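Spelled out from the first residue to the last, the chains are:
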Number of protein chains: 2
Amino acid sequence: GSERQFNFSAGPAVLPEEVLLEAKNELPVYDHVGASVMEISHRSAAYDKIEESAREHMKKLLGLSDDWHVLFLQGGASMQFYQVPLNFLPEDGSADYVITGRWGTKAIKEARRVGDVRVAASSEDDDFSHVPPVEEWDLNPDASYVHITTNETVNGNQFQKDPNLDVPVVTDASSELLSRPMDLDGYGMIYAGAQKNVGPAGVTIVLIHDDFLQQRKQPLPTMLDYGTHAAKRFNTPPVFPIYMVEKVLRWLDDLGGVDAIHAINQRKSQKLYNAIDGSDFYRGTVDEDSRSMMNVTFRLVEEDLEPVFIKKAKENGLLSLGGHRTVGGMRASLYNALPEEAVDTLVAFMKEFERTHG
Amino acid sequence: GSERQFNFSAGPAVLPEEVLLEAKNELPVYDHVGASVMEISHRSAAYDKIEESAREHMKKLLGLSDDWHVLFLQGGASMQFYQVPLNFLPEDGSADYVITGRWGTKAIKEARRVGDVRVAASSEDDDFSHVPPVEEWDLNPDASYVHITTNETVNGNQFQKDPNLDVPVVTDASSELLSRPMDLDGYGMIYAGAQKNVGPAGVTIVLIHDDFLQQRKQPLPTMLDYGTHAAKRFNTPPVFPIYMVEKVLRWLDDLGGVDAIHAINQRKSQKLYNAIDGSDFYRGTVDEDSRSMMNVTFRLVEEDLEPVFIKKAKENGLLSLGGHRTVGGMRASLYNALPEEAVDTLVAFMKEFERTHG
Ligand SMILES: Cc1ncc(COP(=O)(O)O)c(C=O)c1O
Ligand SMILES: Cc1ncc(COP(=O)(O)O)c(C=O)c1O
Ligand SMILES: [Mg+2]
Ligand SMILES: [Mg+2]
Ligand SMILES: [Mg+2]
Ligand SMILES: [Mg+2]
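As the structure is a computational prediction, the values presented were derived from the model and not from experiment. (Residues numbered from 1 in each chain as written. Chains lettered and ligands numbered in written order. Predicted model: local features only at pLDDT ≥ 70, side-chain atom pairs only at ≥ 80, totals over all residues. Heavy atoms only, no water.)

Caption draft 1: Just the coordination of the magnesium ion (ligand 6), in detail. Residue and element names in this part refer to chain B. With distances of 2.2 to 2.3 Å, the protein atoms coordinating the magnesium ion (ligand 6) are Ile276 (O), Ser279 (O) and Tyr282 (O). Going along the chain, you hit the donors of the magnesium ion (ligand 6) in the pattern I-x2-S-x2-Y. With a relative accessible area of 10%, Ser279 lands in the buried category. (Donors = N, O, S within 2.8 Å, 3.2 Å for Na, K, Ca; no water. Buried < 20%, exposed > 50% of the residue type's maximum accessible area, 1.4 Å probe, protein only.)

Caption draft 2: Looking closely at the packing of helix H9 (residues 306-315) of chain B against helix H10 (residues 340-357) of chain B. All names here are of chain B. Where H9 contacts H10, the axes come no closer than 11 Å and their chain directions differ by 130°. In terms of axis orientation, H9 runs oblique to H10. The chirality of how H9 crosses H10 is right-handed. Contacts from Val308, Phe309, Lys312 and Ala313 of H9 reach H10 at Leu346, Phe349, Met350, Phe353 and His357. (Axes fitted to C-alpha atoms, helices over the stretch in contact; angles between N-to-C directions. Helix = DSSP H or I, 4+ residues; strand = E, 2+ residues; numbered from the N terminus. Parallel < 35°, antiparallel > 145°, perpendicular 65-115°, else oblique. Left-handed = near helix turned anticlockwise from the far one by under 90°. Contact = heavy atoms within 4.5 Å.)

Caption draft 3: Molecular detail of the site of ligand 1. Inspection of the region around ligand 1 gives 14 residues, with A:Ser78, A:Thr153, A:Asp172, A:Lys196 and B:Thr236 positioned closest. Mapping the residues adjacent to ligand 1 onto the chains of the assembly identifies chains A and B. Within the side chain of A:Thr153, one N or O atom sits 2.4 Å away from an oxygen atom of ligand 1. A:Gln195 has a polar side-chain atom sitting 2.9 Å from an oxygen atom of ligand 1. When ligand 1 is considered free in solution it has 390 Å² of accessible area, and contact with the protein chains removes 96% of it. Per element, the largest residue contribution to the shell around ligand 1 is four residues, and it comes from helix H3 (residues 76-88) of chain A. (Near = heavy atom within 4 Å. Polar contact = N/O pair within 3.5 Å; in protein donor to acceptor, adjacent residues only side chain to side chain. Areas by Shrake-Rupley, 256 points an atom, 1.4 Å probe, with all protein chains shown as cover.)

Caption draft 4: Main features of the interface of chain A and chain B. Contact residues are listed per partner, giving 63 residues for chain A and 63 residues for chain B. For the chain A and chain B pair, buried surface summed over both sides reaches about 4800 Å², with 58% attributable to carbon and sulfur atoms. Ranking the residues of chain A by area buried against chain B places A:Lys24, A:Met38 and A:Glu39 at the top, with a combined share of 13%. Scanning the region where chain A abuts chain B turns up two salt bridges. (Buried area = accessible area lost by both parts, 1.4 Å probe. Salt bridge = Lys/Arg side-chain N within 4 Å of Asp/Glu carboxyl O.)

Caption draft 5: The arrangement of the sheet that holds strand E12 (residues 295-300) of chain B in detail. Residues and elements named next belong to chain B. Taken together, three strands build an open sheet; the order of strands is E11-E12-E14 and the sheet is antiparallel. Both outer strands of the open sheet, strand E11 (282-284) and strand E14 (330-333), are each paired with one neighbouring strand and no more. Ignoring strand direction, the axes of neighbouring strands in this sheet form an average angle of 35°. Sheet topology places E12 next to E14; four bridges connect them, and they run antiparallel. By the bridge assignment, Val296 is partnered in E14 with Ala332. The strands touched by helix H8 (residues 257-277) within the sheet are E11, E12 and E14, with E12 carrying the most contacts at an inclination of about 15°. Taken strand by strand, H9 contacts E11, E12 and E14, and its axis lies near 125° from that of E12. (Pairing = 2+ DSSP bridges.)

Caption draft 6: The site of ligand 2, seen in detail. Neighbouring ligand 2 are 13 residues, the closest being A:Asn235, A:Thr236, B:Ser78, B:Thr153 and B:Asp172. The residues that come close to ligand 2 belong to more than one chain, namely chains A and B. Between B:Trp103 and ligand 2, the recorded distance is 3.4 Å, taken from a side-chain N or O atom to an oxygen atom. Contacts to ligand 2 include B:Asp172, whose side-chain N or O atom sits 2.6 Å from a nitrogen atom. For ligand 2, the protein covers 96% of the area, taking 390 Å² as the surface of the free molecule. Per-element accounting of the shell around ligand 2 gives the leading share, four residues, to helix H3 (residues 76-88) of chain B. Taken together, the residues of the shell around ligand 2 sort by class into three nonpolar, eight polar and two charged. (Nonpolar A, V, L, I, M, F, W, Y, C, P; charged D, E, K, R; others polar.)

Caption draft 7: Representation of the domain arrangement of chain A. All names here are of chain A. Partitioning chain A into domains gives domain 1 (30-254) and domain 2 (257-357). Placing a centre on the C-alpha atoms of domain 1 and another on those of domain 2 gives a separation of 27 Å. Between domain 1 and domain 2, the buried area comes to about 2000 Å², and carbon and sulfur atoms account for 52% of it. Where domain 1 touches domain 2, the interface holds zero salt bridges. Counting every contact that joins domain 1 to domain 2 gives 13 residue pairs in polar contact (both at pLDDT 80 or more). (Domains from an automatic or database assignment.)

Caption draft 8: Structural view of the packing of aromatic side chains. Per the stated rule, a full pass over the model turns up 31 aromatic pairs over all chains. Between A:Tyr97 and A:Tyr145, the ring centres sit 5.9 Å apart and the planes meet at 70°, which makes this aromatic pair edge-to-face. Linking A:Tyr97 in strand E3 (residues 94-99) with A:Tyr145 in the loop between strand E4 (116-122) and strand E5 (146-148), this pair joins segments that are 48 residues apart in sequence. Connected via pairs of aromatic rings, a cluster forms that spans A:Tyr30, A:Phe240, A:Tyr243, B:Tyr30, B:Phe240 and B:Tyr243. Across from the ring centre of A:Trp103, 5.3 Å away, lies the NZ or CZ of A:Arg102, which sits over that ring. (Phe/Tyr/Trp six-rings, centres within 6.5 Å; stacked < 30°, edge-to-face > 60°. Lys NZ or Arg CZ within 6 Å of the ring centre and 35° of its normal.)

Caption draft 9: The nonpolar core, seen in detail. Residues A:Leu177, A:Phe309, B:Leu177 and B:Phe309 are the most contacted members of the largest nonpolar core, which totals 174 residues. Excluding its chain neighbours within four sequence positions, the residues that come into contact with A:Leu177 are A:Leu62, A:Met182, A:Ile190, A:Ala192, A:Asn197, A:Val198, A:Ile205 and A:Leu207. (Core = buried A, V, L, I, M, F, W, Y, C linked by side-chain atoms within 4.5 Å.)

In structure tokens form, the structure reads like this:
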């Protein structure tokens, strides 16, 4: 009843147990302030310290220079789909979108409400089974930005290289932020809903380079203007989610940072892809050169057995292995906080399931 | 070090200790799901149940019919300042605003970016020391809505009656929602950042009548369209803040609902106002007929002593009694979860402070 199981949820997703226990320990009183962290002013010294530590750890972990703003916003990545073009797509301008899955498709839809957008590349015709190589993109040199989705959570594909183009790149990194070192040079902005690698749901991470920020349109509604939040703490932030993010970032730093976790993540995903490739009972859904290290999507060759696989896995303490409702099949999300032991257990389960059902 | 003190913070604010202990107890595993509440899918049955219970309790507590939608949004009340006119102020239309303090002033500023707005009444010239009587408002019969702030958190004034006008009323009830029964008849929409009476920061409560919802403009950006969230759970909600809200609502229901808490709140505020009025050492800042039951603002006649008062109060376990930085003086926020004992202790402290410094 009260035991933690191996949690492959795509998001909200597994958090480090240490972080949860630290939060537990700080209820109902946080650090000598006479109240829990949820009950103190967002203008208090205690909260200042938490937000500042979160910002500094984020910068350290990703190697962000002081030209980068680290914002903690609300509304999820879905709000960014609109907020990006609202800030950066001028009435007489244009933006380029690379569509590699469900989330990029949603992003371009919101941008179309704001202005002129072009599809520079898309793998929709191939069921998003690969990321189109950058050499094949049809880019507009006058675009305000190029929007990409470096990891498509539903479709299980991932960019293997950060693009560096003539115009600033904006990426939705919701399901990969902090899972690997990033080459920042090409980016104007990186955003992510926290609820995969970074923390619980309820806070959106926005990393924005100051040169790009200065290109935004004016005037804008105060809350939707990135400049508002880069300049000051305008209104009440989602305190508890940010407090949890700060703990996750410290956990990752203590563990050795993104290089260390990247090595672990590569090992975890390789183990699972090996199990998929090594058997005729399972098959991957994404081309090898585009596979995600975070969201491993796969099928049973006998698709009828998939519900049985998911149910039995759950009975064996392997949670949330069902694929997204729009694509079916299986998906194992292997985020930072998922222990390697979870993958080993899943691989063993797959072998056993094949033995008994294959 | 680890003891809870009396917390008069204006928001984020005191929560019921029972609620915090329940949350503590549900870490790191929630209700047999093998993970904490922060780590489960927002499409899971366990989360469905939480959100549905929060919605049903909100309806029960406020007596909302099924014509009302209960939405759990993000961005704080500040986002509503823009989202309300974006949805309801047509290009060729107009909206009326009643300005009774800092927050109404911020609300009208965002509405001006969208379209034509009128100030139907304002007490700015009197330092927001009262709420202009409804008979004196200069209303436009063709307005799309009338926006009011039923409790001005910074200025310490509060409507004593819910207005019922010819056009739908929209109120920012951030600092009073669930502290008293509301007469719903005149309202088209009621919104509140949760972080005073309803829960922690990170979720915004929006109650919207379906007749009013149907009057919104189309098309709108998906995430900013109230219709999106009335129709379905469009994206990842702020799970943990909503989970806490659900607990607070159950706590209030168990306690007897808004009628019961209203009686307690009236007693608490009356005790404090009596202490202010009964002495020449303290003075209130708001006219008697407009005083807030939630945020009691007061001054020392000798204003130089105010920092000493606030500091000594803190040393005596009475936290966050400083007035908002824009107005100074003192403010005691007496939200639902603040025990009556806190007010008794404050009143005793005030007597003692007057004896030693008066
Ligand atoms: C890549 C990506 N983008 C956007 C979203 C939507 O995020 P949110 O639910 O925070 O709006 C998700 C959610 O899973 C995602 O994985
Ligand atoms: C009445 C009122 N409206 C709006 C706000 C702003 O709320 P938020 O910080 O959630 O945007 C506050 C915050 O204290 C408030 O008291
Ligand atoms: Mg580095
Ligand atoms: Mg295979
Ligand atoms: Mg009632
Ligand atoms: Mg007096």
